[in-house]
Amino acid sequence: MAEELPETPETAEEEPVKQRKNGLYPGVSDELAESMRSGWADTELHDLRPIPQAAETAARRAALSARFPGERLVVPAGNLKTRSNDTEYPFRASVEYAYLTGNQTEDGVLVLEPTADGHRETIYLLPRSNRENGEFWLDGQGELWVGRRHSLTEAERLYGIPASDVRELAGALREATGPVRVVRGHDAGIEAALTDKVTAERDEELRVFLSEARLVKDDFEIGELQKAVDSTVRGFEDVVKVLDKAEATSERYIEGTFFLRARVEGNDVGYGSICAAGPHACTLHWVRNDGPVRSGDLLLLDAGVETHTYYTADVTRTLPVNGTYSELQKKIYDAVYDAQEAGIAAVRPGAKYRDFHDAAQRVLAERLVEWGLVEGPVERVLELGLQRRWTLHGTGHMLGMDVHDCAAARTETYVDGTLEPGMVLTVEPGLYFQADDLTVPEEYRGIGVRIEDDILVTADGNRNLSDGLPRRSDEVEAWMAALKG
């Protein structure tokens, strides 16, 4: 990685250039500064078309405007976060900002200013790096270091929103009058400019509204989720083909294999991949992925590709590393499969959100009683929640731009709500017998199974977006055998 030049772009006429400590160059000569100011081609892009979701983002902003008439609304993208010294984490814009604009640029801010008949929209962005003062090559975030940015004119064409220089926004917000709401937690500078104008309660109402707005997906979002799932299916196929290499190394090989698919076909993984072999499958969010992969064990792979527009899949399969389930592994796997079948069957418009969870949990409780692991009757087990020792988590969640989407929605519209066409959720029952659980027979210990699919609520029932991956145990074995050749 190249060492950066001085961090600030001030010219000698304004004030001395701030030097980078331990940098190899003592400064910038007048002659070099003059050379760097000239001799560059005009790269303005004149043939840009609006982003594919421009109509959808406009409709979302219109709904936001209608919900909060007469109020200034401020939605930041967020800022870069330092990973170590002068290196940053890859940037991902706040979901609220990306949902309303389609833009993914750090430091961006969407502002809706109230007017007599609605709101005036402005997207505030960093303009192109200044070549006159040397910013483009002297600043650590200059374009010669991190790449070209769109000009404000280009941004207007892409996003269908008037664009302005974000460096002027904080000052303008300090002078603003009237009611203001801001999405908190993403841009400390913007929040500081509004510190005496906002309240936590009002800002939370804005966050909740934007979370609930995402409960029902539009056609563009459903298409993006299907793309995410399709890439994820290919990522799972990639993993099966290299299980022998994972056995020779570790779970990291699985993680890296899936990550390659995510980066080639999408933006990233939608969350830290869970590549849990053997007893690690009993740790719900095992993301260390540094353990051994052994023939005879199960591999619980919970992973999802995130598209370039931030929509993520969330799929889990529990696979026999050697391609064949043992008798006990199959018994436990088939119980989870039956529970998932019951859960998926309960997903339909008009059903309660909780119905799919209750249906899946009932099947698992029945099996646990049948196997003698917990004392029945089943109604008693469910009433006391005794099955949770081995089922542990809820059976699903909403899915979208966040893997656990719409998390700020009110309980009455989410968990206690009713399913509607366009909602997308996961159905993911599991059974986990911890390696140190003395309440189960020894042969159960260290076996963990989860099966997870992404389900779209349709007008007449549901559609499994991830049905490109087999689920039934015999189909899984046949699929793995075919992939291994």
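Residues numbered from 1 in each chain as written. Predicted model: local features only at pLDDT ≥ 70, side-chain atom pairs only at ≥ 80, totals over all residues. Heavy atoms only, no water.

- Looking at an unreviewed UniProt entry, one finds the protein chain named Xaa-Pro aminopeptidase and attributed to Streptomyces heliomycini.
- Under the Catalytic activity (unreviewed entry) heading, UniProt states for the protein chain: "Release of any N-terminal amino acid, including proline, that is linked to proline, even from a dipeptide or tripeptide."
- Comment text from UniProt for the protein chain, heading Cofactor (unreviewed entry), reads "Mn(2+)". (UniProt positions renumbered as here; feature names shortened; annotations may be inferred.)

1. Notes on the overall build of the protein chain
Now for step 1: Helix and strand counts for the protein chain come out as 17 helices and 17 strands.
Now for step 2: When each of the 485 residues of the protein chain is scored for burial, the buried share is 51%.
Now for step 3: In the protein chain, the proportion of contacts linking residues at least 24 apart, taken out of those at least 6 apart, comes to 68%.
Now for step 4: Here the protein chain has roughly 22200 Å² of accessible surface; of this, 49% comes from carbon and sulfur atoms. (Helix = DSSP H or I, 4+ residues; strand = E, 2+ residues; numbered from the N terminus. Buried < 20%, exposed > 50% of the residue type's maximum accessible area, 1.4 Å probe, protein only. Contact = heavy atoms within 4.5 Å. Areas by Shrake-Rupley, 256 points an atom, 1.4 Å probe, with all protein chains shown as cover.)

2. Section: the packing of helix α10 (residues 219–241) against helix α12 (residues 251–265)
Now for step 1: Running from N to C, α10 and α12 point in directions that differ by 145°, and their axes come no closer than 9 Å. At the point where α10 passes α12, the crossing takes the right-handed sense. Residues Ser231, Thr232, Arg234, Gly235, Phe236, Asp238 and Val239 of α10 touch α12, and the partners they reach there are Ile254, Thr257, Phe258, Arg261 and Glu265.
Now for step 2: Across the contact of α10 with α12, the residue classes tally to four nonpolar, four polar and four charged. (Axes fitted to C-alpha atoms, helices over the stretch in contact; angles between N-to-C directions. Left-handed = near helix turned anticlockwise from the far one by under 90°. Nonpolar A, V, L, I, M, F, W, Y, C, P; charged D, E, K, R; others polar.)

3. Considering the side chain of Asp302
Now for step 1: Relative to the helices and strands, Asp302 resides in strand β10 (residues 298–303).
Now for step 2: For Asp302, the side chain forms a polar contact with the side chain of Thr316, separated by 3.1 Å.
Now for step 3: Side-chain polar atoms of Asp302 contact the side chain of Arg450, separated by 3.0 Å.
Now for step 4: For Asp302, the residues in contact, after removing those within four places along its chain, are Tyr271, Ser273, Ile274, Asp314, Val315, Thr316, Arg450 and Glu452. (Polar contact = N/O pair within 3.5 Å; in protein donor to acceptor, adjacent residues only side chain to side chain.)

4. Quick word on the packing of aromatic side chains
Now for step 1: The tally for this structure, following the rule as stated, stands at eight aromatic pairs.
Now for step 2: Here Phe236 and Phe258 contribute two aromatic rings whose centre-to-centre distance is 6.0 Å and whose plane-to-plane angle is 90°, an arrangement assigned as edge-to-face. Remark: Phe258 occurs in helix α12 and Phe236 occurs in helix α10; sequence separation between them is 22 residues.
Now for step 3: On the basis of relative accessible area, Phe236 is assigned to the buried category, the value being 0%.
Now for step 4: On the basis of relative accessible area, Phe258 is assigned to the buried category, the value being 0%. (Phe/Tyr/Trp six-rings, centres within 6.5 Å; stacked < 30°, edge-to-face > 60°.)

5. As for the sheet that holds strand β9 (residues 274–277)
Now for step 1: Judged by pairing direction, the sheet is antiparallel, and its three strands sit side by side in the order β9-β10-β12 without closing on themselves. At either end of the open sheet lies a strand with only one pairing partner, and these are β9 and β12 (315–320). Within the sheet, the average angular offset between the axes of one strand and its neighbour, ignoring direction, is 10°.
Now for step 2: Pairing of β10 with β12, which is carried by six bridges, proceeds in the antiparallel orientation. Residue pairing in the sheet places Leu299 in a bridge with Leu319 of β12.
Now for step 3: Relative to the sheet, α12 contacts β9 and β10, its axis offset from that of β9 by approximately 150°. (Pairing = 2+ DSSP bridges.)

6. Things to note about the environment of Ser211
Now for step 1: Structurally, the position occupied by Ser211 is in helix α9 (residues 200–212).
Now for step 2: Through-space distance from the C-alpha of Ser211 to that of Cys406 is 4.5 Å; in sequence the pair is 195 residues apart.
Now for step 3: Beyond its immediate stretch of four places on either side in the chain, Ser211 contacts Cys406, Ala407, Ala408 and Ala409.
Now for step 4: Separated by 3.5 Å, the side chain of Ser211 and the backbone nitrogen of Ala407 make a polar contact.

7. Observations concerning the nonpolar core
Now for step 1: Membership of the largest hydrophobic core comes to 92 residues, with the highest contact counts inside it found for Ile254, Ile332, Trp371, Leu431 and Phe433.
Now for step 2: Counting residues per element, this core draws most heavily on α10, at nine residues.
Now for step 3: Residues Leu215, Ile344, Ala409 and Tyr414 belong to the second largest nonpolar core, which totals 17 residues. (Core = buried A, V, L, I, M, F, W, Y, C linked by side-chain atoms within 4.5 Å.)

8. Quick notes on the pattern of salt bridges
Now for step 1: Summed over the entire model, instances satisfying the criterion amount to 36 salt bridges.
Now for step 2: Glu121 serves as the salt-bridge partner of Arg61, at 3.0 Å between the closest nitrogen and oxygen. One end of the pair, Arg61, is in helix α2 (residues 54–67); the other, Glu121, is in strand β5 (residues 118–125), and 60 residues separate them in sequence.
Now for step 3: Judged by relative accessible area, Arg61 falls into the buried class, the value being 3%.
Now for step 4: The partner of Arg167 in a salt bridge is Asp165, and the shortest N-O contact between them spans 3.0 Å.
Now for step 5: Taken together, the shared-partner salt bridges in this structure form one network comprising Glu71, Arg181, Arg202 and Glu205. (Salt bridge = Lys/Arg side-chain N within 4 Å of Asp/Glu carboxyl O.)

9. A few points about the pairing of strand β15 (residues 447–450)
One face of the sheet, then the other: side chains in a regular strand alternate in exactly this way.
Now for step 1: Of the two faces of β15, the one carrying Ile447 and Val449 and the one carrying Gly448 and Arg450 are both buried.
Now for step 2: Two strands pair when backbone bridges link them, and strand β14 (residues 430–433) and β15 are joined in this way by four bridges, in the antiparallel orientation. Following the sheet pairing, Tyr432 is matched in β15 by Gly448.

10. Quick notes on helix α13 (residues 327–345)
The periodicity of an α-helix, 3.6 residues per turn, causes residues three or four places apart in sequence to face the same way.
Now for step 1: Under the 1.5 Å per step criterion, the end-to-end length of α13 is 27 Å for 19 residues, consistent within 8% with the ideal 27 Å.
Now for step 2: Among all positions in α13, only Leu328, Gln329, Ile332, Tyr333, Asp334, Ala335, Val336, Tyr337, Ala339, Gln340, Gly343 and Ile344 are buried. (Expected span 1.5 Å × (residues − 1).)

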